[in-house]
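Understanding the architecture of this molecule
One letter stands for each residue in the lines below.
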Amino acid sequence: MGLLTIGAFAKASRLSPKALRLYDELGLLPPARVDPVTGYRLYAPEQLDQARLVAWLRRLGMPLARIQQICALDAVAAAQEVRAFWAQVEADTAARRDLVAFLIDHLSGKNPAMSPTAKSLAIRYAALSDQGLVRESNQDTVYAGPRLLAVADGCGSQGAPAGAAAIGALKHLETDSIPADGLLNVLEDAIEQAKQAVHMVAEGGGSPEGTGTTLTAMLWTGSQLALVHIGDSRVYLLRDGELFQITHDHTMVQSMIDDGRLTPEEAASHPQRSLLIRALGQGADTTPDMRLHDVRREDRYLLCSDGLSTVVPAQDIHRVLAEISEPEPAVHELVALANSSGGPDNISCVVADVMEVQQ
């Protein structure tokens, strides 16, 4: 078979002539020959496989620059990249799904006003942060109050003040006067203030590119907890005796688990297990996960930095939360468990119980 005209090639590849001209200009799919007199583009039949691949990838919504990279790979490597791209799409979709659920609850009036009249349920809480046994300083920050629970794990030379600044930017939420119809905007503004606070710390410390922090916080609304999460600190829920992780780690290894390139067991010892793909800091993706979480009486929540979650097995965390009834001794026992396992990192945790208020 001889060379195909651009019209015949477009029909065979299911790409429009306009798209083929664009891909030629970008160097993604150059024609086999350009007629020197007419300027007509002519394509070889063996180019059809690559053209069809480009068409399929475009249907997935993949950017042209990434398609160009994939087309330069062998089949196995290209398959891995497609899997990684789709895992990121699914993660982004999940984040948007959380926001959609938040908006639906918010706009339907499901979340009550944060007012002193919401007295049927309340939270009791305790927080503790420890340097651990290896690190020279503690870059974690924790906070627990009647409305706000938060953990931040700083990184870089200014990690400690960055984490403290991020949580400090949220402390004005410790109030009874936030209206239900303003909750989403208030949280978005608070995250923006936290970003700016971290940026100021980084600039002031002279290391803007190396300074950042995770931020995981829950805001008590009276019958729900509004969750804001960036990074690899975690929130666990103990409900009816079962332990659930209700946050998703924003780490490179978690994305590799999501797209099937790593098992959880392999991730535990991976050299890049602490590499974040989302955090508060210059140049980082600072998009938070946000959702409203319905609570029940006798729910128990644990917010913790990775100095606990990556050192103490989940079954031991479960045992402590299930067996120790008061938040204060529970946080002390969790920190002790991390230190008894070597304490390789700073350890921070908040335990909060949902309880009925006696009228």
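Residues numbered from 1 in each chain as written. Predicted model: local features only at pLDDT ≥ 70, side-chain atom pairs only at ≥ 80, totals over all residues. Heavy atoms only, no water.

Focus: the overall build of the protein
- Secondary structure summary: the protein contains twelve helices and 15 strands in total.
- Split into buried and exposed, the 359 residues of the protein put 45% on the buried side.
- Contacts in the protein between residues at least 24 apart in sequence constitute 67% of all its contacts with a sequence separation of at least 6.
- For the protein, the exposed surface amounts to about 17,300 Å²; the carbon and sulfur share of it is 53%. (Helix = DSSP H or I, 4+ residues; strand = E, 2+ residues; numbered from the N terminus. Buried < 20%, exposed > 50% of the residue type's maximum accessible area, 1.4 Å probe, protein only. Contact = heavy atoms within 4.5 Å. Areas by Shrake-Rupley, 256 points an atom, 1.4 Å probe, with all protein chains shown as cover.)

Section: the side chain of Ser255
- Mapping Ser255 onto the fold places it in helix H8 (residues 252–258).
- At 2.6 Å, the side chain of Ser255 forms a polar contact with the backbone oxygen of Met252.
- In this view, Ser255 contacts Ala87 and Ile277; residues no more than four positions away in its chain are not counted. (Polar contact = N/O pair within 3.5 Å; in protein donor to acceptor, adjacent residues only side chain to side chain.)

A word on the nonpolar core
- Grouped together as the largest cluster of nonpolar side chains are 29 residues, with contacts concentrated most on Leu170, Leu173, Leu187, Leu215, Leu219 and Leu280.
- Taken together, the elements giving at least two residues each to this core come down to strand S6 (148–155), helix H6 (159–168), helix H7 (183–205), strand S8 (215–220), strand S9 (224–230) and strand S13 (289–294).
- No other element matches the nine residues that H7 contributes to this core.
- Residues Leu4, Ala19, Leu20 and Tyr43 belong to the second largest nonpolar core, which totals 21 residues. (Core = buried A, V, L, I, M, F, W, Y, C linked by side-chain atoms within 4.5 Å.)

Concerning the side chain of Asn339
- Inspection of the secondary structure puts Asn339 in helix H12 (residues 327–340).
- In this structure, Asn339 is in contact with Asp130, Gly132, Leu133 and Ile347, ignoring residues within four places of it in sequence.

Some remarks on the pattern of salt bridges
- On inspection of all chains with the given rule, the structure shows 13 salt bridges.
- A salt bridge links Asp299 to Arg239; the shortest N-O distance between them is 2.6 Å. With a gap of 60 residues between them, Asp299 in the loop between S13 and strand S14 (300–304) and Arg239 in strand S10 (residues 234–239) connect regions that are remote in the sequence. For the pair shown, Asp299 and Arg239 are each scored as buried.
- Ionic pairing is found between Arg300 and Asp353, a salt bridge with its closest N-O pair at 2.6 Å. Highlighted residues: Arg300 in strand S14 and Asp353 in strand S15 (residues 347–356), separated in sequence by 53 residues. By the burial criterion, Arg300 is buried, and Asp353 matches it.
- Each of Arg124, Arg300, Glu326 and Asp353 takes part in a single network of salt bridges with overlapping partners. (Salt bridge = Lys/Arg side-chain N within 4 Å of Asp/Glu carboxyl O.)

Examining the environment of Ile317
- Mapping Ile317 onto the fold places it in helix H11 (residues 314–323).
- Between the alpha carbons of Ile317 and Leu302 there is a distance of 9.3 Å; along the sequence they are 15 residues apart.
- In contact with Ile317, not counting residues within four places along its chain, are Leu243, Leu302, Leu308, Ser309, Val312 and Leu334.

Some details on the sheet that holds strand S3 (residues 41–43)
- Strand order across the open sheet formed by three strands is S1-S3-S2, with antiparallel pairing between neighbours. Each of the sheet's edge strands pairs with one partner strand only, and the pair in question is strand S1 (4–5) and strand S2 (33–34).
- Summarising the sheet, S1 and S3 pair through two bridges and their orientation is antiparallel. Counterpart to Thr5 in the pairing with S3 is Leu42. (Pairing = 2+ DSSP bridges.)

Structural notes on H12
- The first and last C-alpha atoms of H12 sit 20 Å apart over 14 residues, in line with the 20 Å expected at 1.5 Å per residue.
- Regarding H12, the residues found buried are Pro327, Ala330, Val331, Leu334, Val335, Leu337, Ala338 and Asn339.
- Against the buried residues of H12 lie strand S4 (121–130), S14, helix H10 (306–309), H11 and S15. (Expected span 1.5 Å × (residues − 1).)

Points about the sheet that holds S14
- Ordered in space as S4-S15-S14-S10-S11, the five strands form an open sheet in which the pairing is antiparallel. What marks the edges here is a single partner per strand, and that holds for S4 and strand S11 (242–245). On average, adjacent strands in this sheet sit at an angle of 20° to one another, irrespective of strand direction.
- Bridge count between S4 and S15: ten bridges; the pairing is antiparallel. Bridging from a neighbouring strand, Ala127 pairs with Val350 of S15.
- With respect to the sheet, H12 is in contact with S4, S14 and S15, its orientation differing from that of S15 by roughly 155°. (Axes fitted to C-alpha atoms, helices over the stretch in contact; angles between N-to-C directions.)

Things to note about the packing of aromatic side chains
- Counted according to the given criterion, the structure contains one aromatic pair.
- Relative to Tyr43, the ring of Phe9 has its centre 4.3 Å away and its plane inclined at 10°; by these criteria the two rings are stacked. Residue Phe9 is located in helix H1 (residues 6–13), and its partner Tyr43 is located in strand S3; the two are separated by 34 residues in the primary sequence. As far as the burial class goes, Phe9 and Tyr43 line up, both buried. (Phe/Tyr/Trp six-rings, centres within 6.5 Å; stacked < 30°, edge-to-face > 60°.)

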